[in-house]
Structure formats: structure tokens, C-alpha cells
Amino acid sequence: EKKAIMTRMTDRIRALFRLSSVITDHFPQSGSLFIDVLIRNLLGNQLLRNYLKNQSVRRLNKAKKLRKLLVAADLNIGDAIITMSSVSALREIFPEAEIDCVVKKSARNLIEGCPGSSHLYAIYEGAPYPRDSDLENLSKIINKKNYDLILNFSPMINDKSFDNKNVINYTLMASDLISSEFRKDTINSIVYQMHNSIGNIFQDYIPQQFGREFRGSKIYLPENAVVKAANFLAEKDINHNDNIIMIHTDASSPFTMMPFDFQSELLRKLT
């Protein structure tokens, strides 16, 4: 049943991405403007944000206690790092709670030192869609612990995959992010908005000083990684004080990959 749900969900997401790609391929300027206006008015309007907030609060109120929380990141390395801002927000609000995190396996070394997380489960291997083994491992974790509340930040994982537990998903944060794109009175950063959305959802629990010390998501590099980086620069005769431009053109989905003509033009200008 879970597999059938995920298959239907991923098929719809693929169809949506394909449709947007077709529109912008044929009408690069007017098509992208049309999609921007459509998304802004449908997903970023105040009525929808109020509805999503009320829905999140209702699910929050179902939890009789908030001692065990699970934060499920999306399926990429960057998503795992970004999601740590929500963990730091939860730790501010619930200093004594057990706050566990589920992230991509290859992101473990970058976030393993995050002080806000109680237990880190680096299990995801699929991207941009979860593998069957990812969902099976997720079920094992959920069945092992009786979480009071689960925060699902992955649009690629259906809430029903969490064994019908009490789940608040990413939609409020996404709507806040889209709305902020068109406003000048707020910070439009996904890291900031993820932290901010936790404050919106748990507004009845937040301490007075909430968010004052927030400086964004951090990464935690193992000592051997720092040594390897220094050795690499030395081998290439590169001074670590030089200006270094790093270009990573890969992506987990063909729909979000940098177009090849843009890549070649960028490289031509840099050289």
C-alpha cells in the first residue's frame, strides 16, 4: 500500500515538473512569469497560509505530550544541512526533549556534530525519490520509538509513510517561503524560514528569547576532511588564501540541473 501511494505521488510530481519545463522551454520569459504569478497567488496567499497554520496547530494539539520528536529531512545532502535549522529551533523550545533526525546517508559526516539532535539516523539513499529500502528503514525507526510528533520536510515522502503517526509536514514552511519571495519586509532564506516556521507552529511554547541567537545552519567537518582539503590544495600548489571558484553542476533531478548551454557559457567567461 505504501509503495502504491509513493508511486502515485512521484508520478504526479514528475508530471508537474515536466509541465513546467514544457511551458518555460516554449515560452522562456512569458512562461516563467506565468508560473511565478500562478504559484504566488495559489501557494503563497494569506488564506492558504492561515489554513495550513491552523491545520498544523490542530495536529500539534493531538499530541498529549512533546517529549519525543522526529524530524525527517528531504532526500538530498543540502536538505539535510538546511533542516538542522529546524532542529536548532526545536531545541530552543524543548531543551529537555528527545529530538531525532532522519537524513541522507551521505550527509552524516557534515551534520553528525549538530548539538540539537539527540539521535541521527542517516538512512536515505534514494534521490530525488525514496527507495523502497528507505521507506522500510523509516518504518523500523518509527516502530522502534513511539514519537509524540513527526515533522516531515520531504515533499517526496507521503505523510502516510510514517505509519499513520501524528505528522506535521513542510507545506506551511513552503507557503511562507513563496510568500516571502515577493515581500521586502522579511528575510527570504529557506534556512531562516524553516527556523521561523517552527516558531509559527509552536508559538504557544516558544521562550521569550527565541531566535535571538540564530545564525543559520552549520556544518561539522571531521578533522580528517580538513586535513585532506589542505593536502589537496598543497598538491595543486594552491594558496588557501587565493580566491577559489567551485562549480557543482550536478543535481538530483534533471529538472533542477543547470542547463548545459548555461554551463558552457559560464565556464567560457570564467576562463
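Look up: the structure comes first, before these words.
Figured I'd write up the structure that's included with this text. (Residues numbered from 1 in each chain as written. Predicted model: local features only at pLDDT ≥ 70, side-chain atom pairs only at ≥ 80, totals over all residues. Heavy atoms only, no water.)

## Section: the pairing of strand β3 (residues 119–124)
Next, step 1: Burial of β3 is extensive: five of the six residues sit out of reach of the surface.
Next, step 2: As paired strands, strand β2 (residues 98–104) and β3 are joined by five bridges and run parallel to one another. The residue of β3 that forms the bridge with Val 102 is Tyr 121. (Buried < 20%, exposed > 50% of the residue type's maximum accessible area, 1.4 Å probe, protein only. Helix = DSSP H or I, 4+ residues; strand = E, 2+ residues; numbered from the N terminus. Pairing = 2+ DSSP bridges.)

## A few points about helix α6 (residues 132–144)
Side chains three or four residues apart in an α-helix point the same way, a direct result of the helix having 3.6 residues per turn.
Next, step 1: Taking 1.5 Å per residue as the helical rise, α6 with its 13 residues ought to reach 18 Å, and the 18 Å between its terminal C-alpha atoms agrees with that figure.
Next, step 2: Taken together, the buried positions of α6 are occupied by Asp 134, Leu 135, Leu 138, Ser 139, Ile 141 and Ile 142. Projected down its long axis, α6 shows its buried positions confined to an angular sector of 165 degrees, all on one face. Along α6, the residues that are exposed and aim more than 90 degrees away from the buried face are Lys 140, Asn 143 and Lys 144. (Expected span 1.5 Å × (residues − 1). Arc of directions from axis to C-beta.)

## Let's talk about the pattern of salt bridges
Two side chains bearing opposite charge may form a pair once their charged atoms approach each other closely.
Next, step 1: Here the structure, examined in full by the defined rule, presents 10 salt bridges.
Next, step 2: Residues Lys 145 and Asp 100 are paired through a salt bridge, measuring 2.9 Å at the closest nitrogen-oxygen approach. Of the two residues, Lys 145 is situated in the loop between α6 and β4 (149–152) and Asp 100 in strand β2; the sequence distance between them amounts to 45 residues.
Next, step 3: Residue Asp 100 is classed as buried on the basis of its relative accessible area, which comes to 0%.
Next, step 4: Lys 269 is the partner of Glu 265 in a salt bridge, and the nearest nitrogen-oxygen pair spans 4.0 Å. One end of the pair, Glu 265, and the other, Lys 269, are both in helix α10 (residues 260–270), four residues apart, so they sit about a helical turn from each other. (Salt bridge = Lys/Arg side-chain N within 4 Å of Asp/Glu carboxyl O.)

## A few points about the packing of aromatic side chains
Next, step 1: Applying the stated criterion across every chain, the model contains three aromatic pairs.
Next, step 2: Between Phe 94 and Phe 202 the ring centres are 5.5 Å apart and the planes differ by 80 degrees, which places this aromatic pair in the edge-to-face class. With Phe 94 in the loop between α4 (77–93) and β2 and Phe 202 in the loop between α8 (190–201) and α9 (223–235), the pair connects residues that are 108 residues apart, well separated along the chain. There is no split in this pair, since Phe 94 and Phe 202 are both buried.
Next, step 3: Each ring, one from Phe 94 and one from Tyr 205, has its centre 5.6 Å from the other, and the planes form 55 degrees; the classification is tilted. A residue pair is termed long-range when its members are at least 10 positions apart, and Phe 94 in the loop between α4 and β2 and Tyr 205 in the loop between α8 and α9 qualify at 111 residues.
Next, step 4: Of the residues examined, Tyr 205 reaches a relative accessible area of 39% and is grouped as partly exposed. (Phe/Tyr/Trp six-rings, centres within 6.5 Å; stacked < 30°, edge-to-face > 60°.)

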